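Letter by letter, the chains look like this.
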Amino acid sequence: MKPKVHEHQKTNFKGVSKKIFLLFLLISVTVYSQQKGLVAEKAMVVSAREEASKIGVDIIKKGGNAFDAMVATQLALAVAYPYAGNISGGGFMVYRKANGDVGSLDFREKAPQKASKNMYQDKNGNVIPQLSTNGALSVGIPGSVAGIFEVHKKFGKLPLAALFQPSIDLAEKGIVVTEKEKAKLDEYRAVIVKISGDKTLYNKTFQVGDTIKYLALANTLKEILKNGKDEFYKGNTAKKLVSFLKQKGGIITLKDLADYKVVWRKPIIFRYKELNIISMAPPSSGGITLAQIMKMIEPYDVSKFGYNSPHYIQLLVEAERRAYADRNYFLGDPDFVKIPQKQLLNDTYLKDRMKSFSFDKATSSADVSHGNVSVYESMETTHYSIVDSEGNAVAVTTTVNDAYGSKLYCDELGFFLNDQMDDFSSKPGVPNLYGLVGAEANSIAPKKRMLSSMTPTIVEKNGQLLMLLGSPGGSTIITSVLQTILNVYEFKMTMQQAVDAPRFHNQWLPDDIMVEPNKFDKTTLENLMSKGYNINEKFAPVLGKVDAILVQPDRKLEGGADFRGDDKAAGF
């Protein structure tokens, strides 16, 4: 059932106290969501699979910190959730130490040295379908292994063996297929077999309850543990990987792998009313785009509009439309393009952007466009959130981009390769896999990092940790994170309610409001359509899959694990 949100909630609150409204809101939200997620006193991990969350929590129980748990959880997801978890992709980590220090790590993939601006176009300049999404040519230089070694070197407490062993054991013992995993395997089996060959591990119909053992991946992890990061980037694993990719038509070389480096970056930090928000800087577009949207809506009394009322949806959609137009035009790898970050986050600039907004009618995307561009990024990312018993917090979003990445599975090494090259603009003005339209700022160049929407985010209130969250969902990541923060802060939801609540999304192009099907009040949608908004219930049956942790007033931790997947919180 969905909560009933009536048309008169738009602005009509005269004579109705805020307390009564909030009570109504909580009652209506509870209709479709359990009241609270898992509550733990000391530490918590929320991730896409219960096995990974438990492994992360066990590491903290053994005296490890949130950074040790990050390493162990990343490895466990590579085993338990090959759909997006990985050692062959990349991602971003935002952290806040117990003493309040914050920072972020960019372990995003890079384009190989032989990559070129027009590599996915035919001789007439047309983009060749699926060349940037399927197979060896779509693979970017992986950053995940370098990422976990860098995190451990800087912040880890426990020896690496203690962090690797649980995932090695898990790979050897095997993962039990869930209903949701079976559905994904069935959906993608044909294309995986077509690209990886009929001898692949995945050329089999798996049933719910079957156990899949990942023995090749266990061996790869043992080799990396034994020989360190260099095993993946310079050693036998690197040689096997390059040879495999070359044989399949890829262009990554041993030099590409050997040259790969992660980057510690200064996070995007901004205020929204009483909140201090810390998010990821470029080459993630998450932090800047989130900041733009939240600053554009800040002057409005958001909670008065009513949860998912027409006015609330309109306000967010119009701010999103303007922020995504900027995202797609200005943002790219900061090591390659100059990003006007200060100007994009300037209060006067953002106020001007909203001047053309009116509650009377929809703004046309053409009217807020920054350049003649038309783009798209993958849904199949994964996020995990960790708080340890010392109070350190880590938010990590990691991906192989599309579902099972490039669909190219290396049976010898035991993992799928990413198809991250699709996150570049294959041709400025042409949509990518996620319908995102990119400009020159995100065009392909050797050694360049592709733009991302990943938005690992930490929120403080009164100088204290309040929540941490993130999501998969390609271009819908930013708006999923946005709505979850607002659900907690403006509408006083529990973490679980905030995560479970129905979501909507606009990304400038296409000029649609994407909404989760059958979750929104029909009169609300009709009201929006009467003002000129296009409602799209088909594009994205799932908008994001948020995994979050909220620090409650008594300092206990509440986990919000998204019901849209097999996601689970674990804690003690």
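Residue indices begin from 1 for each chain and proceed along its sequence in written order. Since the coordinates come from a predicted model, pLDDT governs what is reported: local features require at least 70, and pairs of side-chain atoms require 80 or more to be given and counted, while whole-chain, interface and lining totals use all residues. Derived side-chain values reflect all non-hydrogen atoms in the structure, with water molecules and hydrogen atoms excluded from consideration.

A. Structural context of the UniProt feature "binding site: L-glutamate" (unreviewed entry) in the chain. UniProt positions are given in the numbering used here, feature names are shortened, and annotations may be inferred rather than shown by experiment. The feature "binding site: L-glutamate" (unreviewed entry), as annotated in UniProt, sits at R108, T399, V400, N401, D423, S452, S453 and G474 in this numbering. Only runs of H or I of at least four residues qualify as helices and only runs of E of at least two qualify as strands under DSSP, and these elements are numbered from the N terminus. Within the secondary structure layout, R108 lies in the loop between β4 (102-106) and α4 (144-155). Only protein chains enter the accessibility calculation, which uses a 1.4 Å probe; a residue is then buried when its area is under 20% of its type maximum, exposed when over 50%, and partly exposed in between. Judged by relative accessible area, which is 0%, R108 ranks as buried. Relative to the elements of secondary structure, T399 occurs in strand β11 (residues 393-399).

B. Structural context of the UniProt feature "active site" (unreviewed entry) in the chain. According to UniProt, the "active site" (unreviewed entry) feature falls on T381. Counting through the fold element by element, T381 comes out in strand β10 (residues 381-387). Given the relative accessible area of 2%, T381 is considered buried. In the analysis that follows, any N or O atom pair within 3.5 Å is treated as a polar contact, provided that within protein one partner can donate a hydrogen and the other can accept it, and provided that, for residues neighboring in sequence, both atoms belong to side chains. Among the polar contacts made by the side chain of T381, one reaches the side chain of T399 at a distance of 3.0 Å.

C. Quick look at the pattern of salt bridges. The salt bridge criterion pairs a side-chain nitrogen of Lys or Arg with a carboxyl oxygen of Asp or Glu, the two atoms within 4 Å. For the coordinates displayed, the defined rule picks out 35 salt bridges. The shortest N-O distance in the salt bridge between D259 and K255 comes to 2.6 Å. Taken together, the residues span about one helical turn, with D259 and K255 both in helix α10 (residues 254-259) at a distance of 4 residues. On the basis of relative accessible area, D259 is assigned to the partly exposed category, the value being 31%.

D. Representation of the sheet that holds strand β15 (residues 464-469) within the structure. Strands are labelled as partners when DSSP assigns at least two bridges between them. In spatial order, the strands read β1-β20-β19-β15-β14-β9-β8; together these 7 strands make up an open sheet with antiparallel pairing. At either end of the open sheet lies a strand with only one pairing partner, and these are β1 (39-40) and β8 (268-272). By the bridge criterion, 5 bridges tie strand β14 (residues 457-461) to β15 in an arrangement that is antiparallel. Across the sheet, residue K461 finds its bridge partner in β15, namely Q464. Sheet strands touched by helix α11 (residues 286-297): β8, β9 (275-279) and β14. Its angle to β8, the strand with the most contacts, is close to 15°. Every residue pair with non-hydrogen atoms within 4.5 Å of one another is taken to be in contact. Each axis is a line fitted through C-alpha atoms, and for a helix only the stretch in contact is used; angles between axes span 0 to 180 degrees, taken between their N-to-C directions. Packing of helix α16 (residues 477-489) onto the sheet brings it into contact with β8, β9, β14, β15 and β19 (547-551), and relative to β15 it is tilted by some 140°.

E. Summary view of the packing of α4 against helix α5 (residues 160-173). Running from N to C, α4 and α5 cross one another at 140°; their axes reach a closest spacing of 11 Å. Across the interface between the two elements, I148, F149 and H152 from α4 touch L160, L163 and F164 from α5. Three residue categories are used. Nonpolar comprises Ala, Val, Leu, Ile, Met, Phe, Trp, Tyr, Cys and Pro, charged comprises Asp, Glu, Lys and Arg, and polar comprises the others, including Gly. Residue classes in the contact of α4 with α5 are distributed as 5 nonpolar, 1 polar and no charged.

F. The packing of helix α13 (residues 310-330) against helix α18 (residues 522-530), seen in detail. As a packed pair, α13 and α18 sit with axes 9 Å apart at the nearest point and diverge in direction by 50°. Considering their axes alone, α13 and α18 lie oblique with respect to each other. For the crossing formed where α13 meets α18, the hand is right-handed. Side by side, α13 and α18 meet where P310, I313 and Q314 of the first sit next to T524, N527 and L528 of the second. Looking at side-chain class alone, the contact of α13 with α18 contains 3 nonpolar, 3 polar and no charged residues. Small angles under 35 degrees read as roughly parallel and large ones over 145 as roughly antiparallel, with 65 to 115 read as roughly perpendicular and the rest as oblique. Each crossing is labelled by how the near helix is turned from the far one, with a counterclockwise turn of less than a right angle marking it left-handed and a clockwise turn marking it right-handed.

G. Expanded view of the nonpolar core. The set of buried Ala, Val, Leu, Ile, Met, Phe, Trp, Tyr and Cys residues whose side-chain atoms join them within 4.5 Å is what this entry labels a nonpolar core. One finds Y272, L290, M294, M467, I485 and F504 to be the most contacted residues of the largest nonpolar core, which totals 85 residues. Per-element tally for this core: the top contributor is α13, with 9 residues. When neighbours within four sequence positions are excluded, Y272 is seen to be in contact with I277, M294, I297, E298, V302, L486, Y489 and E490. A69, A78, V151 and L417 belong to the second largest nonpolar core, which has 82 residues in total.

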